[in-house]
Amino acid sequence: MHDNSALIRARIRRFVSERITPSLYRISSPLTISAWEVPDEPVPFSEAQGQDFTPFSIGQHWGKPWGTTWFHITGLVPSDWSRFHDLHTRTEVIVDLGFLSGQAGFQAEGLVFTAQGQIVKAVEPFNNYVPLIAQPGESVDIYIEAASNPDVGSDWGFQPTLMGDKATAGIEPIYRLRRMDVALLDIQVWKLDRDVWTLFGLMEQLSPDLPRTAEILRALEKMTDHMDPEDVSGTASRGRALLAPLLAQPAYASAHRVIAVGHAHIDSAWLWPVRETIRKCARTFSNVLHLMDEDPDFIFACSSAQQYSWMKQHYPELFERIRTRALEGRFVPVGGMWVESDTNMPSGESLARQLLAGKAFFMQEFGIEPLEIWLPDSFGYTAAFPQIVTAAGSKYFLTQKISWNETNTMPHHTFSWEGIDGTQVFTHFPPVDTYNSQLSGEELARAQRQYSEKGASNVSLVPFGFGDGGGGPNREMLAAAERTRSLEGSPTVRMASPRAFFEEAEATYANPPVWSGELYLEFHRGTYTSQSRTKSGNRRSEHLLREAELWASTAYFYAGTDYPYERLAAAWQVVLLNQFHDILPGSSIAWVHQVAEAAYETVRIDLEDLIATSVAALASSAQTDATPVSFNASPFPVAGVPALSAAPRIPTGAVRLHQADGGFVLENDVVRASIDARGLLISLVDRVSGREAVPAGQAGNVLQLFRDTPTQWDAWDIDEHYDRNGVELLEAEEVKVLVQSAGLVTVRVTRRFRGSSVQQDLTVLGDQPSLDIVTTVDWHERQKLLKLAFALDVHADRAASEIQFGHIYRPTHVNTSWDAARFETCAHRWVFVGEPGFGIAIANNSTYGHDISRATRVGGGTTTIVRESLLRAPTFPDPDADQGVHTLRTSISLTPDVLGAAAQGYRINLPLRDVVGAAVTPVVVSECPSIVVEAVKLAEDRSGDLIVRLYEASGSRSTGTVSFGFTVSEIVETDLLERTVAPVAVQSRTDAGGQLVLRAFQIITLRVARSAAEGEGSLRHHS
C-alpha cells in the first residue's frame, strides 16, 4: 500500500476545522444586550443590578484595563426552534467577550448570574457557554460581571508594560464584544468532535509502524468518507459508529496508570492583583461546581485555605456549595497551607504557620485534614521542608516545578525526599511535566514515556485543568478522561483524589529511592532578589511577629495582660498571603507589590503597637525603681542582655579609631577593621589570635554592578552570563568619620555611579567581633544587578547557609553539573565559611540571594568569595521594579562556628528595644546554646498554655535543660498544630522545666501548662 498518511492527516484536520467544528451548534440567535461600566473597583451583584444599564451592541468596544462591565442579556429562545430541539440538543448562551488567542485566565473573563443573583458559572476563552433550561419560546435573562483584565504577559515576550499598574494602564477600552447568542448545542456532533480529538491525538503519539496507528488513521479516513459534509448533524451518529470499535479497544495490561486530578492552579496574585484573584476563584469554582452537577465521577482538588476563606467572605452562597461537595469527597482541599507559598525565603516559623493556619481552616470548615503538601509551582524547595511537613501531620509532597530545570534532570518521579534532619516524606513529580494538562494524547504519552520508575512502579498523577489564571477543567477534558479510561495505546486514566493516588503509589512502591537535601530549581534564581521592598517587608514582619508573640506571652504570665489572639492572627494572615510564590519572590506586576508593601506597613504599625503595649506592661509592673533596660527578643545574649529578657546593657569595651594611609582603622578588644581611602575593607583581624580574614591585596565591602539581561523571565531569572559583564564600584566620593564614641565608631562612605548613589555606614561596636555595614542605595538603574562582595582568607570547600530551623552546606566548587548550576543560592539571615577553629559569618537583615565561590591564588591556597545580591532592576512584569531608595544591613563577623553566625543573624534582625522600667526574666530559657528558642506564643486553643518551638542549630546531637519563668504542671510534646504526640525529646521534667535531647536540626514543639496554684500576673524580675 502506498504511504499517503500525511495527506490523510491533512484531510482529517480540514474536515474537523471546516465541517465538524462549525456544526457544534445547530442554530443560534442574537440576544438583547445592555451594559453598565463600574466606575472604579468591582461591586457585588446586589449593587450592580440596580444601576442604569444602557443598550450595547456586538462589535462595540468595552472595558478599560482592570475595569468591570456588567452585561444584562435578555431575549427569547425562538419558538420555531422546536423543530430542531430534541434529546440530542441543549440550549446554551454562547459568549465571546472579545477573547484573545492567548491563554485562559490571562485576559477577559466573566461570571454569570441569574436574574435572582445566583451564580451559574464563568465564561472564559475555552469555556464560553452558559447552560439554559429554557425551552423554545421561553425567556433568557442573565447578568455577566465581565472583567477587562489586560493580557499582561501570555505571549511571553517579556517586554516592559504599563498595564501592570492601574495608575499607568490607561482608560481606553481594550476588548470588543463579539458574540452573545442563544444557541442549540448538537450533542452528537460534540461527542463526535471529542472522539476524533482523542483518537487523532493518540495516533499522533504512536509509532507509525504499529498496526494500531494505521487502524486509527483508516477509521478516521472512513469517517470522512461516510459522513455528509453538507449534513454533519444528520450523519454524526454514522461517524461515531465507525469510530466506536477503535475507542472500545482496551489498554495494554502493562499500560501506565494515570490518576487524573481535576485542578486549577490559581496564582493568588501574579499578573493580576489579589482583588482579581478573589474573582478568579469564584469563576473557577463555579465552573467546577457546574461540572460536578453534570458528571458524578468528576473530582477536583484545590489548595490554599486563603482562597476558600475569600469565598466564605465574598461569595457565601458559593462557599456553601463548595462545602457540600467537599463533604462528599469531590471538592477536595489539598496542600494544607494558607497559600501555595514560596519555600525558600519564608522563615521556619512562617512555614509552620502556613500549615497551622491552613490545616486549622480546613478542619474547622470541612472536618478534613489534608495529608498532601501541594506546591506544583513554587521556585525550589528548602531542605528543611520534609521535617516541617511531617511535623504538621502530613505524609506526602507534590511538585511539578523541578521539571523546569535548565541543566540537570531529576532522576526520580516518585521517591522519598530526605531533609536536613533525616526526616523523609513520600514525594511525587508528575512526569506529565505540567500542572495544566488537558489530558491530550501528547500529554498522556509524555507521562508514560518520561516516568522514571518503570519496572518498579507504574502509576503517576496528572493535574488537569486550565491554571495559573484559573479556569480549571472543562467538559472537553472530562470527555477526554472518559475516552481514555482504557484505550489501546494510551495510558489508562482514572479520575480520583490526590490522596487516592498517593496511597496507591505508596502501596505499590515499597522501597522508593531517596533524594537527600534541597530540591534546588535550576531556574528563577533572580527571585531571591527582585522587589527588595517586598522581601524587606516580609523579613521585618516575621521578626516583629516573633517579638509581638514573645512579649505578649511574657506579659500574660508576668503582668496578667490579655493575649491579642485576633490581632496576631490577622497579622499572620497578611504575612502568609504575601509569601505566595509570585509575591514574595518579586515576580508580580507593580500593583501586587504596591499592595503588599502597604499591607506590610499596616502590619508593622499594628505589631509595633502590640509590642509597645506588652513591653510597657512588663516594664511598668515592677515594684522597684525604674532604670534603663533593653528588651532582647533574640535567643542569644546581646550587649549583656540575656536571651528573651529585659535587663540593663552591660558596658562594652572601648572602640578606638586610627587614621592610616588615607583611611581608618576601627578596633575594639576582639576585632580590628581597616578601611582604606576608597571605603573598602582591606583588613579584618581577630585581635586574640592575630588571624587575618581578608587576603593580601584584596578587599571586602566591594560593590559590583553587572549587566542583568536574562534570556527570558526577567524578574525571575539571573542567568550565568551576568558575571561576564560587570564593574567594581571602587571610587569613593567621600570617606569620613561620622560618629565616634566610647562604644562605637562609624565611618561613612559615599559613592555615585551612573544615575544612582550609595551611602554606606561602617560601624564597629565595643562588644561585637563584627563590622556592621548599613548600605543605603538610591537606585535608578535598569536591568542591572548590584552585589556586595567580600574576599575572605579561608580555605572552604563548602559554605553553610541558614535555612529554616537550621542550615545547609553547599559546595563552593563546581565539580559536577549540579554544583555548576547552583551558582546563585538562597540564604536567610547568615552565611558562614571557615576552617577548623576560625570562620567568618556574613549576616543580613533582608537579603536572600547569595553566591559563594572560591578562587585559587598564585602560589597556592584559595580565596573564598562571598557575595550578597542586593538589588536588581528587571523591567518585566514591573518596569519600575526596585526604583528608589533602599536600606540594607550587613554584618561581617569573626566567629569559630555556625552558632556564632546564628547569633549575629538574630542580632541584626532583632535590635534591642530600650525603655525605662524593670528588668524581666525570660518566660523560657534554653541553657544549651545549640537548642534555640524560635517561637514563644500562647496555645491556639486559648487554654493559656505556653507553646515553645525550639530547634537544634549546630547540626549535631544536643542535650540541655529548658526552664520556665513559672511553676510547671505539665510539659507535653506536640506537632505544629499543637496536638499531643509521643514524646521523643523530653527526657525528664521538674516543676521548673525539663531535660531535652535533640538530634541534629530537630524541631520540637512544647506545650507547657502553668501550675494552678500560681496565679497570673506574678512579675519576675531579672536578677
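(A) View of the overall build of the protein. In terms of helices and strands, the protein carries 18 helices and 52 strands. The C-alpha radius of gyration computed for the protein amounts to 32 Å, which stays within 12% of the reference 31 Å derived for 1023 residues, consistent with globular compactness. By its C-alpha atoms, the protein is 100 × 70 × 60 Å across when sized along the principal axes. For the protein, with 1023 residues in total, the buried portion stands at 63%. Considering only intrachain contacts with a sequence separation of at least 6, the fraction spanning at least 24 residues in the protein is 75%. Total accessible area on the protein stands at roughly 35,900 Å², and carbon and sulfur atoms take up 51% of it.

(B) Up close: empty space enclosed by the protein. Tallied over the entire structure, the rule returns 9 cavities of 30 Å³ or more. Here the largest cavity defines a volume of roughly 100 Å³. In terms of lining residues, the largest cavity is bounded by Ser347, Glu349, Glu542, His543, Arg546, Glu549, Trp572, Arg829, Glu934 and Ala935. Secondary structure elements with two or more residues in the lining of the largest cavity: helix 14 (532–559) and strand 46 (931–938). Looking at the lining of the largest cavity element by element, the count peaks at 4 residues for helix 14.

(C) Just the state of the cysteines, in detail. Taken as a whole, this structure holds 0 disulfides when the rule is applied. Cys281 carries a free sulfur, and the closest cysteine sulfur to it, the one in Cys302, is 6.7 Å from it.

(D) Representation of the pattern of salt bridges in the model. Applying the stated criterion to the full structure yields 81 salt bridges. For Glu835, the salt bridge is made with Arg691, and the minimal N-O distance between the two is 3.2 Å. Placement of the pair is Glu835 in strand 39 (residues 830–835) and Arg691 in the loop between strand 28 (681–686) and strand 29 (700–707), with a sequence separation of 144 residues. Among the salt bridges present, the one from Glu781 reaches Arg754, with a minimum N-O distance of 2.5 Å. One end of the pair, Glu781, is in the loop between strand 34 (770–779) and strand 35 (784–792); the other, Arg754, is in the loop between strand 32 (744–753) and strand 33 (756–765), with 27 residues separating them in the sequence. Taking relative accessible area as the criterion, Arg754 reaches 62% and is therefore assigned exposed.

(E) Focus on the packing of helix 3 (residues 187–205) against helix 5 (residues 232–248). Contact geometry of helix 3 with helix 5 gives a least axis separation of 9 Å together with a crossing angle of 35°. Of the two elements, helix 3 crosses helix 5, and the hand of that crossing is left-handed. Contacts between helix 3 and helix 5 involve Gln188, Val189, Lys191, Leu192, Asp195, Val196 and Leu199 from the former and Val232, Ser233, Ala236, Ser237, Gly239, Arg240, Leu243, Leu246 and Leu247 from the latter. Residues that form the contact of helix 3 with helix 5 fall into these classes: 9 nonpolar, 4 polar and 3 charged.

(F) Focus on the environment of Leu220. Mapped onto the secondary structure, Leu220 falls in helix 4 (residues 211–226). Each C-alpha atom, one on Leu220 and one on Ile8, is 8.7 Å from the other, the two residues being 212 residues apart in sequence. The contacts of Leu220, once residues within four sequence positions are left out, are Ile12, Val196, Phe200, Met203 and Leu243.

(G) Molecular detail of the layout of surface pockets. Space inside the largest pocket adds up to approximately 970 Å³. Considering the residues around the largest pocket, the lining is formed by 38 residues, among which Arg889, Arg907, Ile908, Leu910 and Pro911 are closest to the centre. Elements with a minimum of two residues in the lining of the largest pocket: helix 14, helix 16 (590–620), strand 33, strand 34, strand 43 (884–894) and helix 18 (898–909). In terms of residue count, helix 14 provides more of the lining of the largest pocket than any other element does, 6 residues in total. For the lining of the largest pocket, a count of residues per class yields 13 nonpolar, 13 polar and 12 charged.

(H) Looking closely at the pairing of strand 43. Within strand 43, 8 of the 11 residues are buried, leaving the element largely enclosed by the surrounding structure. Bridge analysis of strand 34 against strand 43 gives 10 bridges, and the strand direction is antiparallel. When the sheet's bridge partners are listed, Ser770 is paired in strand 43 with Ser893. Pairing of strand 40 (residues 838–844) with strand 43, which is carried by 5 bridges, proceeds in the antiparallel orientation.

(I) How the structure looks around the sheet that holds strand 50 (residues 986–989). Read from one edge of the open sheet, 4 strands run 45-48-51-50, paired in antiparallel fashion. Each end of this open sheet is capped by a strand with a single partner; those strands are strand 45 (924–926) and strand 50. Strand-to-strand, the axes of this sheet are offset by a mean angle of 20°, without reference to chain direction.

(J) Quick look at the confidence of the model for the protein. The share of residues in the protein with pLDDT of 70 or more is 99%, and the mean pLDDT across the chain is 96. Here residues 1019–1023 is a poorly scored stretch, pLDDT under 50, and it has 25 contacts once near neighbours within four places are set aside; other chains count.

(K) Looking closely at the sheet that holds strand 47 (residues 946–952). Taken together, the 4 strands give an open sheet; going across it, the order is 46-47-52-49, and neighbouring strands pair in antiparallel fashion. Strands with a single pairing partner mark the edges of an open sheet, and in this sheet they are strand 46 and strand 49 (968–974). Recorded for the sheet is a direction-independent mean angle of 25° between the axes of neighbouring strands. The pairing of strand 46 with strand 47 spans 7 bridges and is antiparallel. Note that in strand 47 the partner of Ala935 across the bridge is Arg949. Running over the sheet, helix 9 (residues 348–366) touches strand 46 and strand 47 and is turned about 40° from strand 46.

(L) Layout of the packing of helix 4 against helix 5. Look at helix 4 against helix 5: their axes get within 9 Å of each other, and the N-to-C directions meet at 170°. With respect to each other, helix 4 and helix 5 are oriented roughly antiparallel. Contacts between helix 4 and helix 5 involve Arg212, Glu215, Ile216, Ala219, Leu220, Lys222, Met223 and His226 from the first element and Arg238, Gly239, Leu242, Leu243 and Leu246 from the second.

(M) Looking closely at the packing of aromatic side chains. Scanning the entire structure with this criterion turns up 56 aromatic pairs. Residues Phe56 and Phe71 carry aromatic rings whose centres are separated by 5.3 Å and whose planes lie at 75° to one another, so their mutual orientation is edge-to-face. In this pair, Phe56 is assigned in strand 3 (residues 54–56) and Phe71 in strand 5 (residues 67–76), connecting sequence segments 15 residues apart. The exposure class assigned to Phe56 is buried, which follows from its relative accessible area of 12%.

(N) Quick peek at helix 13 (residues 498–507). Among the residues making up helix 13, those that are buried are Pro498, Phe501, Phe502 and Ala505. Projected onto a plane normal to the axis of helix 13, the buried residues spread over an arc of 95° and lie on a single side. Where the residues of helix 13 are buried, they touch strand 13 (257–262), strand 14 (300–302), strand 16 (372–374), strand 17 (396–398), strand 19 (424–428) and strand 20 (459–464).

(O) Summary view of helix 9. In this model helix 9 runs 27 Å from its N-terminal to its C-terminal C-alpha over 19 residues, within 8% of the 27 Å that 1.5 Å per residue would give. With 15 of its 19 residues buried, helix 9 lies for the most part within the structure. Backbone geometry just after helix 9 places Gly367 at a positive phi near 70°.

(P) Expanded view of the environment of Ile852. On the secondary structure map, Ile852 appears in strand 41 (residues 849–856). Once you skip the residues sitting within four places of it in the chain, Ile852 turns out to touch Ala799, Ser801, Thr812, Val831, Val833, Thr864, Ile865 and Val866.

(Q) Main features of the environment of Arg857. Position of Arg857 relative to the elements: it lies in the loop between strand 41 and strand 42 (862–872). In contact with Arg857, other than residues within four places in its own chain, are Pro695, Gln698, Asp793, Thr862 and Thr863. Within polar-contact distance, the side chain of Arg857 engages the backbone oxygen of Thr862 at 3.1 Å. Within the local environment of Arg857, its side chain forms a polar contact with the side chain of Thr863, the two groups lying 2.9 Å apart.

(R) Just unusual backbone geometry, in detail. With omega at 5°, the peptide bond leading from Phe876 into Pro877 counts as cis. Tracing the chain through its elements places Pro877 in the loop between strand 42 and strand 43. Backbone geometry at Asp661 places phi at a positive 55°, although glycine is not the residue there. Checked against the element boundaries, Asp661 lands in the loop between strand 25 (656–660) and strand 26 (663–667). Phi at Phe1001 takes a positive value of approximately 65°, unusual for a residue other than glycine. As for its position among the elements, Phe1001 is in the loop between strand 51 (993–998) and strand 52 (1003–1010).

(S) A look at the side chain of Asn405. You can see Asn405 is positioned in the loop between strand 17 and strand 18 (414–418). For Asn405, the side chain forms a polar contact with the main-chain nitrogen of Glu522, separated by 3.0 Å.

(T) Inspection of the pairing of strand 20 at higher detail. Of all 6 residues making up strand 20, 6 are buried, and the element is well covered by its neighbours. Along strand 20, one buried face is formed by Val459, Leu461 and Pro463 and the opposite face, lined by Ser460, Val462 and Phe464, is buried too. Judged from the 6 bridges that link them, strand 13 and strand 20 form a sheet pairing that is parallel. Across the sheet, residue Arg257 finds its bridge partner in strand 20, namely Val459.

Reading the values: the criteria
- Residues numbered from 1 in each chain as written.
- Predicted model: local features only at pLDDT ≥ 70, side-chain atom pairs only at ≥ 80, totals over all residues.
- Heavy atoms only, no water.
- Helix = DSSP H or I, 4+ residues; strand = E, 2+ residues; numbered from the N terminus.
- Rg over C-alpha atoms; globule rule 2.2 N^0.38 Å.
- Buried < 20%, exposed > 50% of the residue type's maximum accessible area, 1.4 Å probe, protein only.
- Contact = heavy atoms within 4.5 Å.
- Areas by Shrake-Rupley, 256 points an atom, 1.4 Å probe, with all protein chains shown as cover.
- 1 Å grid on protein atoms, 1.4 Å probe; cavity = no way out; pocket = protein on both sides within 12 Å on 5 of 7 lines; lining within 4 Å.
- Points joined across faces, edges and corners; volume = space filled by probe spheres on them.
- Disulfide = S-S within 2.5 Å.
- Salt bridge = Lys/Arg side-chain N within 4 Å of Asp/Glu carboxyl O.
- Axes fitted to C-alpha atoms, helices over the stretch in contact; angles between N-to-C directions.
- Left-handed = near helix turned anticlockwise from the far one by under 90°.
- Nonpolar A, V, L, I, M, F, W, Y, C, P; charged D, E, K, R; others polar.
- Pairing = 2+ DSSP bridges.
- pLDDT = per-residue confidence, 0-100.
- Parallel < 35°, antiparallel > 145°, perpendicular 65-115°, else oblique.
- Phe/Tyr/Trp six-rings, centres within 6.5 Å; stacked < 30°, edge-to-face > 60°.
- Arc of directions from axis to C-beta.
- Expected span 1.5 Å × (residues − 1).
- Polar contact = N/O pair within 3.5 Å; in protein donor to acceptor, adjacent residues only side chain to side chain.

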